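# Working through the structure, step by step
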Amino acid sequence: MAKVLTSSGQSQETCLPPALHYIPLKTHQQESIKEVHMVLFPIMEDLLSKTRLSPRDIDILIVNCSGFCPSPSLSSIIINKYSMRSDIKSYTLSGMGCSASAIGIHMAENLLKTHKNSYAVVLSTEVLSTGWYPGNERSKLALNCLFRMGSAAILLSNKRDAKKSSKYKLFRTLRTLRAFEDKAYLSAFREEDSLGYLGVTLNRDLLQVAGETLRSNVTVLGSSILPFSEKVRTIAAILWKIFINKSSEIYVPDFKTVIQHFCLPTSGRPVIREIAKGLKLGEKDIEPALMTLNRFGNQSSASLWYELAYLEAKERVKKGDMVWQLGMGSGPKCNSVVLECIRPIVGESKRGPWDDCIHRYPIAALDQGI
């Protein structure tokens, strides 16, 4: 674990919950409930304050947390805390891994097609105190090193007057799942070790499976958002490889012809660079992911929103820009959310999670383990 942490790309500023600061660890139910309160209540209150909404204005509530699924549910905890309406449509997503927030956005999009003139809130987090693996099996220890505290609250609406205050328009969502294949299904699996300790096993096939899942998602997404000229190049390259030169490299479409900003999975520095290599992205494109990993760690599904907050704090997102949020999780699954910026975004460096540290980033020496 010490070796993994040293090369993980995470700084000393990342946070673990209080339950994991004790010896022995306090991983029982009540500590996990306390962690839920710690990560979800502040962001919900912050969202309501910024948008000047009442809890009773919310029509749809979606809460995602992969590893902790209490009863009453996480959405019920939020509804009880804020005395929301009795007719609110509430959902709790569990077991969806790091792609759960993108799934929540996709779900909210579909619900808003049915429920007109509505507000939907998606809350994304991961509760770490229940996911700690106390055993010694190497394949299960990696997750102890990767994940840190974090949460995000996202408001979506189909109300006509929402355009006046909204930052983005939801341009495209896409979900890809490969659980139908045994090798893919078992690539990341929660199970007990020989001593009965529960943990998530990361198998050797994981990176290959993740690459195949990503490729499937990118292929479909590209066919719907890439400009015609780039589609023609892609088709020509495929035909060339099939009929003329089978040894030629696979052509990777240039997504930068339509996407200006990228929010990638913060699963570790090598994973970020491998995804960047596959998509032909430059250092500037992967900067949000690397800096989020350094400052906050891998916050599971919430990381995508910390990366977007980084871009906003740097005032890089301009009106008309496209932002691609790419979430990958166990299952395995790959989910894409494409946002279109619909107004200038300024002053966010003083309001978001980067307000006390954005002046220190980017860190040029990050690849040297600093």
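Every value quoted in this text rests on a predicted model; they were computed, and no experiment measured them. (Residues numbered from 1 in each chain as written. Predicted model: local features only at pLDDT ≥ 70, side-chain atom pairs only at ≥ 80, totals over all residues. Heavy atoms only, no water.)

### Let's talk about the overall build of the protein
Definition in use: A run of H or I in DSSP counts as a helix once it spans at least four residues, and a run of E counts as a strand once it spans at least two, with each numbered from the N terminus. Only protein chains enter the area calculation, which uses a 1.4 Å probe; residues under 20% of their type maximum are buried, those over 50% are exposed, and those in between are partly exposed. Should any heavy atoms of two residues lie within 4.5 Å, those residues are counted as being in contact.
The secondary structure content of the protein amounts to eleven helices and ten strands. If one aligns the C-alpha atoms of the protein with their principal axes, the spans along those axes are about 65 × 55 × 45 Å. In the protein, which comprises 370 residues, the share counted as buried stands at 50%. A separation threshold of at least 6 residues defines the contact pool for the protein, and within that pool the share at least 24 residues apart is 76%.

### Notes on the side chain of Asn-298
Operational definition: Any N or O atom pair separated by 3.5 Å or less is treated as a polar contact, with the protein-specific requirement of one donor-capable and one acceptor-capable atom, and with residues adjacent in sequence counted only for side-chain atom pairs.
Relative to the assigned elements, Asn-298 resides in the loop between helix 10 (283–296) and helix 11 (303–313). In this structure Asn-298 comes out as buried when scored by relative accessible area, which is 3%. Reaching out from Asn-298, the side chain makes a polar contact with the backbone nitrogen of Ser-300 at a distance of 2.9 Å. Sequence-distant contacts of Asn-298, that is, excluding residues within four places in its chain, are made with Gln-10, Cys-98, Leu-146, Phe-147, Arg-148, Thr-266, Ser-267, Leu-293 and Ser-303.

### Some thoughts on the packing of aromatic side chains
Applicable threshold: In summary, the pairing rule links any two rings of Phe, Tyr or Trp, Trp by its six-membered ring, whose centres are within 6.5 Å, and it sorts them by plane angle into stacked for under 30 degrees, edge-to-face for over 60 and tilted for everything else.
Summed over the entire model, instances satisfying the criterion amount to eight aromatic pairs. Measuring from centroid to centroid gives 4.9 Å for Phe-255 and Trp-324, while their planes differ by 40 degrees, and the two rings are tilted. Taken as a pair, Phe-255 in the loop between helix 8 (228–243) and strand 8 (261–263) and Trp-324 in strand 9 (residues 322–329) lie far apart in primary sequence, 69 residues in all. Both residues of the pair, Phe-255 and Trp-324, count as buried. Relative to Tyr-361, the ring of Trp-354 lies with its centre 5.4 Å away and its plane at 80 degrees, an arrangement referred to as edge-to-face.

### Some points on the pattern of salt bridges
The test is simple: The rule for a salt bridge is simple: a side-chain nitrogen of Lys or Arg has to be within 4 Å of a carboxyl oxygen of Asp or Glu.
In the structure shown here, the tally under the stated rule is 17 salt bridges. The closest approach of N and O atoms between Arg-351 and Glu-348, which form a salt bridge, is 3.2 Å. When its relative accessible area of 42% is taken as the criterion, Arg-351 is described as partly exposed. Since its relative accessible area comes to 9%, Glu-348 is described here as buried. Each of Lys-167, Glu-312, Glu-348 and Arg-351 takes part in a single network of salt bridges with overlapping partners.

### Brief notes about the UniProt feature "domain: Beta-ketoacyl-[acyl-carrier-protein] synthase III C-terminal" (unreviewed entry) in the protein
To keep things clear, this is the line we draw: UniProt positions are given in the numbering used here, feature names are shortened, and annotations may be inferred rather than shown by experiment.
The residues that UniProt annotates with the feature "domain: Beta-ketoacyl-[acyl-carrier-protein] synthase III C-terminal" (unreviewed entry) are residues 259–340. As a span, residues 259–340 carries 44% helix and 23% strand, and end to end its C-alpha atoms are 9 Å apart.

### Some details on the nonpolar core
For the record, the criterion: Throughout, nonpolar core names a set of buried Ala, Val, Leu, Ile, Met, Phe, Trp, Tyr and Cys residues whose side chains join them through atoms within 4.5 Å. What counts as a domain boundary in this text is fixed by an automatic or database domain assignment.
Core analysis: the largest hydrophobic core is formed by 63 residues, its most contacted members being Tyr-168, Ile-259, Leu-264, Trp-305, Trp-324 and Trp-354. Per-element tally for this core: the top contributor is helix 11, with eight residues. Taken domain by domain, this core gets at least three of its residues from each of domain 1 (1–164) and domain 2 (168–362). Residue contacts for Trp-324: discarding those within four places in its chain leaves Val-218, Leu-221, Phe-255, Ile-259, His-261, Phe-262, Cys-263, Leu-279, Ser-336, Val-337 and Val-338. Within the second largest apolar cluster, 32 residues are counted, among which are Ile-33, Leu-40, Leu-48 and Ile-78.

### Here we look at helix 7 (residues 206–225)
The condition that has to hold: By definition here, a helix of n residues has an expected span of 1.5 Å times n minus one.
With 20 residues, helix 7 extends 28 Å from end C-alpha to end C-alpha; this agrees with the ideal 28 Å at 1.5 Å per step. Listed in full, the buried residues belonging to helix 7 are Val-209, Thr-213, Leu-214, Asn-217, Val-218, Leu-221, Gly-222 and Ile-225.

### Looking at the sheet that holds strand 5 (residues 168–177)
What counts, and what does not: Two strands pair if DSSP finds at least two bridges between them. Lines fitted to C-alpha atoms define the axes here, with helix axes fitted over just the stretch in contact, and angles between the N-to-C directions of these axes take values from 0 to 180 degrees.
Taken in spatial order, the four strands line up as 5-10-9-8 in an open sheet, and their pairing is mixed. With one partner strand each, in any of the chains shown, strand 5 and strand 8 form the two edges of the open sheet. Averaged over all adjacent pairs, the angle separating strand axes in this sheet is 15 degrees, with direction ignored. Both strand 9 and strand 10 (residues 333–341) contribute to a ladder of eight bridges, which runs antiparallel.

### Looking at the environment of Arg-190
Mapped onto the elements, Arg-190 comes out in strand 6 (residues 188–192). Looking at Arg-190, the relative accessible area reads 41%, which means it is partly exposed. Separated by 59 residues in the primary sequence, Arg-190 and Gly-131 have C-alpha atoms spaced 9.9 Å apart. Not counting residues up to four positions away in its chain, the partners in contact with Arg-190 are Gly-67, Thr-130, Gly-131, Leu-198, Gly-199 and Val-200.

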